[in-house]
Amino acid sequence: SSLFVTSGNRREGEGQVFSTAKCLGKLREIREIKYKEIVSAIIIYLAFILPFHIIAFGFLIPLFFVWIGLNTDFSLIFKNFVFTLVFVFLAFFGIVGGTVIGARLTGSSFKKGFVLGLGLTPKGDIGFVLAALALKSGIISYELFSSLVLMAVIVTVISPIMFRNLVKNYFLRK
């Protein structure tokens, strides 16, 4: 027999009708994925991308974090501690506030927007990269760099803890 799916106006005689044979034919086309392309993509990944990934994450990125640590002057952090707290405040409430506003504008709840914002807040690696680029190009001073590094560390450590607790307490409760 045939499977009928109608769309468009619901008046009699209008709409599209698909037979079971056509549906099964489409499913067969979907299943006939070109295995050569998939195997080629896997080989390219293993041969070219994976070695760079191993070198980057095994050697270069740890060196970058060592460089960040060596260029951070902790005495400057405590000298400008209020400045650092302002950065932490802006990092948290800038992203969380933006997601709450976006959630409310799309009809979602405040709670969902807040949890989404906390999930998006940890940006330590990006903060480190941007701070390092700004320091190297002379845009910011070592004082500001040290404050940005501490802000990135605080936000990266605290956000996942808050996120996990909020999800556990508000979304996973039965």
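Below or above, wherever it landed, is the structure these notes cover. In this convention, every chain numbers its residues from 1, walking through the sequence in written order. Local features in a predicted model are, by the rule used here, given only for residues with pLDDT of at least 70; side-chain atom pairs are given and counted only at 80 or more, and totals for whole chains, interfaces and linings are based on all residues. To get the side-chain values, take all heavy atoms of the structure and skip hydrogens and water.

Overview of the pattern of salt bridges
Each reported salt bridge corresponds to a side-chain nitrogen of Lys or Arg within 4 Å of a carboxyl oxygen of Asp or Glu. Overall, the coordinates contain one salt bridge when judged by the stated rule. The residue E143 makes a salt bridge to K79 at a minimum N-O spacing of 3.6 Å. Highlighted residues: E143 in helix α7 (residues 142–171) and K79 in helix α3 (residues 74–79), separated in sequence by 64 residues. Only protein chains enter the calculation, and the probe is 1.4 Å; a residue is then buried if its accessible area is under 20% of its type maximum, exposed if over 50%, and partly exposed in between. Look at E143 and you get partly exposed, because its relative accessible area is 31%. Numbering of helices and strands runs from the N terminus, with a helix taken as a DSSP run of H or I at least four residues long and a strand as a DSSP run of E at least two residues long.

Structural notes on the packing of aromatic side chains
Within 6.5 Å between ring centres, the rings of Phe, Tyr and Trp (the latter by its six-membered ring) count as paired, and their orientation is classed by plane angle as stacked under 30 degrees, edge-to-face over 60, tilted in between. This structure, assessed with the given rule, holds seven aromatic pairs. Summarising the aromatic geometry, the rings of F64 and W67 are spaced 6.4 Å apart at their centres and angled 20° between planes, so their arrangement reads as stacked. Within this pair, F64 and its partner W67 are both found in helix α2 (residues 35–71), separated by three residues, close to a single helical turn. Owing to a relative accessible area of 25%, F64 belongs among the partly exposed residues under this scheme. The class of W67 is partly exposed, set by a relative accessible area of 26%.

Remarks on the packing of helix α4 (residues 81–105) against helix α5 (residues 110–120)
Two numbers describe how α4 lies on α5: the axes approach to 7 Å, and their chain directions differ by 140°. α4 and α5 meet at a crossing whose hand is right-handed. When α4 is examined against α5, the residues F92, I95, V96, T99, V100, A103 and R104 are found in contact with a partner set consisting of F110, G113, F114, L116, G117, L118 and L120. Ten residue types, Ala, Val, Leu, Ile, Met, Phe, Trp, Tyr, Cys and Pro, are classed as nonpolar, four, Asp, Glu, Lys and Arg, as charged, and the remainder, Gly among them, as polar. Per-class residue counts for the contact of α4 with α5 are ten nonpolar, three polar and one charged. Fitting a line to C-alpha atoms yields each axis, with helices limited to the stretch in contact; the angle taken between N-to-C directions then spans 0 to 180 degrees. The sense of a crossing depends on the near helix, which, turned anticlockwise from the far helix by less than a right angle, makes the crossing left-handed and, turned clockwise, makes it right-handed. The contact criterion used is simple: two residues touch if any of their non-hydrogen atoms lie within 4.5 Å.

Thoughts on a nonpolar patch on the surface
A contiguous nonpolar patch, built from I42, I44, Y45, L46, F48 and I49 and spanning about 590 Å² of accessible area, is present on the exposed surface. Of note, I49 is situated in helix α2. Any residue with relative accessible area above 30% and no salt bridge may belong to a patch, with like charges joined within 9 Å and the nonpolar Val, Leu, Ile, Met, Phe, Trp and Tyr side chains within 5 Å. A 1.4 Å probe and the Shrake-Rupley method give the accessible areas. Residues count as covered only by the protein chains that appear here.

So, the packing of α5 against α7
At a minimum axis separation of 8 Å, α5 and α7 run at an interaxial angle of 150°. Regarding the angle of α5 to α7, the classification is roughly antiparallel. Taken as a pair, α5 and α7 cross one another with a handedness that is left-handed. Two secondary-structure elements touch here, α5 through K111, K112, F114, V115, L118 and G119 and α7 through S159, M162, F163, L166, V167, Y170 and F171. Grouping the amino acids of the contact of α5 with α7 by side-chain chemistry returns nine nonpolar, two polar and two charged. In what follows, roughly perpendicular refers to angles from 65 to 115 degrees, roughly parallel to angles under 35, roughly antiparallel to angles over 145, and oblique to any angle outside these ranges.

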